[in-house]
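Architecture at a glance
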Amino acid sequence: ARAQIIVDRDFVLADLDRRVFGTFVEHLGRCVYGGIYEPGHPTADENGFRGDVMELTKELGATIVRYPGGNFMSGYNWEDAVGPAENRPKKLDLAWFSTETNQFGTNEFMDWCRKTEIEPMLGVNLGTRGADEAREFLEYCNHPGGSHFAEMRKSHGYDEPHDVKFWCLGNEMDGPWQICQKTAEEYGRVALETAKVMRWLDPTLTLSACGSSHRQMPTYGSWEYEVLDHCYEQVDFISLHTYFANKADDIEDYFGVIDQMDSFIKEVVAICDAVGAKKRASKRIMLSFDEWNVWYKAHTIEHMRKPGWPEAPALLEEIYNVEDALVVGGALITLINNADRVKTACIAQLVNVIGPIMTETGGPAWRQTIFHPFALSSRYGHGRVMRTEVRTPNFSTKTVPEAPLLVAAVVDDPTTGRNTVFALNRSVSESLDLEVELRGLGTGRRLVEACELHNANLKATNTKAAPNNVVPQQNRDVSVEGERLRVKLKPLSWNVIVTE
Ligand code: AHR
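Residues numbered from 1 in each chain as written. Predicted model: local features only at pLDDT ≥ 70, side-chain atom pairs only at ≥ 80, totals over all residues.

A closer look at the overall build of the protein
Rules: A run of H or I in DSSP becomes a helix once it reaches four residues, and a run of E becomes a strand once it reaches two; helices and strands are each numbered from the N terminus. Every radius of gyration here is taken over C-alpha atoms, with the globule rule written as 2.2 Å times N^0.38, N being the number of residues. C-beta atoms are placed from the backbone for every residue, and two residues are taken to be in contact when these atoms lie within 7 Å.
The number of helices and strands found in the protein is 10 helices and 26 strands. Relative to the 2.2 N^0.38 estimate, which gives 23 Å for 500 residues, the radius of gyration of the protein is 22 Å and therefore close to what a compact globule would have. Seen through its principal axes, the protein has C-alpha atoms that stretch 65 × 60 × 45 Å. Relative to all contacts within the protein whose residues are 6 or more apart in sequence, the contacts with residues 24 or more apart total 76%.

So, in structure tokens, the structure goes:
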């Protein structure tokens, strides 16, 4: 089959905010302990940070990292995990029924971010706590000195403020599983008042309110509307969360999650703008897709909780295969194509817990299949997202009656002259002969990179024994002539083609 994309130098959607290539570290399972932090590991540095995981995080190209949760955040006392390690209390974490040793806390996280060259995104506990804790935590992190909590930070060895800019106001406050769930009215009021005091303390902050935990929540839509009706003026972002599943073990049906993600984004934009219109506000709320990934295999009760309040048990250790990587690649294209409103996004999570990176405690670290589309998107996703005219055959899934076979985004960087086409061919049987017209983007282009993620075995995975079983390959079926790019996209393949 044939497909075509036309872009024009003058038709630009938005600059791509690099924070859409964010990730997430929660005190959950082996994400922190045995993931990013493992004193005594052969690659650990003087802080106990695993060097192999830091290297892989850099290679992943993650730009911002959300911390400390997740559900964990709604019962967290940040004070437990600062100061001398030997004085830190062990606590029971009611989110994941584990014992939290608090050996890793805010200052360790900030050190890890600095070393990994990644921006922090912190969250405040609006479950068991509220505005008071938020202002104290913020004072500890961002105030230069001369006040109780700023001096406490200094006494812990951190003279300079951490200067964290992006803050989440709680986590999934609509969910009955959340420690201290709230109604939209309760949460909207708390978010407003917390945002107010946080801004009075530090007017440079970017604040994100909780949207629905997912699109199937019974309060979805009305939650966003009511929450924003309360706090529209005080917040900058609203969050979205989604986890994809291949429940029917049907790849075509599974691909429908990409279209659903796009609808989800557009619906939340519409709700934000409806509240804005009601308030006659010129301000626009941006979207923080701060939890997204595939998660369904490690979703049974045994994967979610282990008996006996263990420390860092193996929880949510999803093993990703080729079809999961194709879906993650498609989701990344969707985030890019909504760059006008989605300004941050976090693949959930980073390591071991539904993560692109896997480790063995005491052993090696390796890249899961989903690592590859993420790393390539971050490596080549620079510049302006172009408006695309995509001409493609359609297919139908059980949930989406008319879905395009080709899902694509085009990003162009005028500063380097580089242009990148991200393309997913969702056909199970047919290659797509794709022609891309790069109008006005310069003749005499040359090919920089053409690679594809494709594997005849959709269930293939990467393991400790075979960490490079699924890796991107060069696509040689590509040519560039003037402003025209031609490439053959294999059935069920995710592709990146870079020219300059
Ligand atoms: O990422 C795992 C969990 O999923 C998070 O803690 C929570 O916010 C979501 O329900």
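A look at the UniProt feature "domain: Alpha-L-arabinofuranosidase C-terminal" (unreviewed entry) in the protein
This is how the line gets drawn: UniProt positions are given in the numbering used here, feature names are shortened, and annotations may be inferred rather than shown by experiment.
Within this structure's numbering, the places UniProt gives as "domain: Alpha-L-arabinofuranosidase C-terminal" (unreviewed entry) are residues 290-493. Secondary structure over residues 290-493 splits into 15% helix and 35% strand, and the C-alpha atoms at its two ends are 26 Å apart.

A short note on the sheet that holds strand β24 (residues 478-481)
We count it as follows: Only strands joined by at least two bridges in the DSSP assignment are considered to pair. For helices, the axis comes from a line fit to the C-alpha atoms of the stretch in contact; other axes are also lines fit to C-alpha atoms, and the angle between any two N-to-C directions lies between 0 and 180 degrees.
Overall, mixed pairing links the five strands, which are arranged β16-β1-β21-β25-β24 in an open sheet. This sheet does not close on itself; its edge strands, each paired only once, are β16 (389-391) and β24. Averaged over all pairs of adjacent strands, the angle between their axes in this sheet comes to 15°, without regard to strand direction. By the bridge criterion, six bridges tie strand β21 (residues 432-439) to strand β25 (residues 484-489) in an arrangement that is antiparallel. Bridge pairing in β25 places Val-436 opposite Leu-485.

Side note on the domain arrangement of the protein
When the parts come together, some accessible area is lost, and that loss is often what is quoted as the size of the interface. The line we're drawing: Domain delimitation follows an automatic or database domain assignment. All residues other than Ala, Val, Leu, Ile, Met, Phe, Trp, Tyr, Cys, Pro, Asp, Glu, Lys and Arg, Gly among them, are scored as polar; the first ten of these are nonpolar and the last four charged.
Partitioning the protein into structural domains gives domain 1 (2-9 + 385-499) and domain 2 (17-380). Here domain 1 and domain 2 have C-alpha centroids that lie 30 Å from each other. Contacts between the two partners involve 34 residues from domain 1 and, on the opposite side, 33 residues from domain 2. For the side of domain 1 that touches domain 2, the secondary structure elements donating two or more residues are β19 (406-413), β20 (418-425), β22 (447-453) and β26 (493-499). No other element matches the four residues that β19 contributes to the side of domain 1 that touches domain 2. The class makeup of the residues in the side of domain 1 that touches domain 2 is 23 nonpolar, seven polar and four charged.

Concerning the nonpolar core
Operational definition: The nonpolar core criterion groups buried Ala, Val, Leu, Ile, Met, Phe, Trp, Tyr and Cys residues into a set whenever they are joined through C-beta atoms within 7 Å. Three exposure classes are used. Buried residues have 20 or more other C-beta atoms within 10 Å of their own C-beta, exposed residues have 12 or fewer, and partly exposed residues fall in between, all C-beta atoms being placed from the backbone.
Core analysis: the biggest nonpolar cluster contains 152 residues, and Leu-169, Ala-191, Val-327, Ile-336 and Ala-408 have the highest contact counts within it. Ranked by residue count, the leading element in this core is helix α7 (residues 251-278), at 11 residues. Domain assignment of the residues forming this core places at least three in each of domain 1 (2-9 + 385-499) and domain 2 (17-380).

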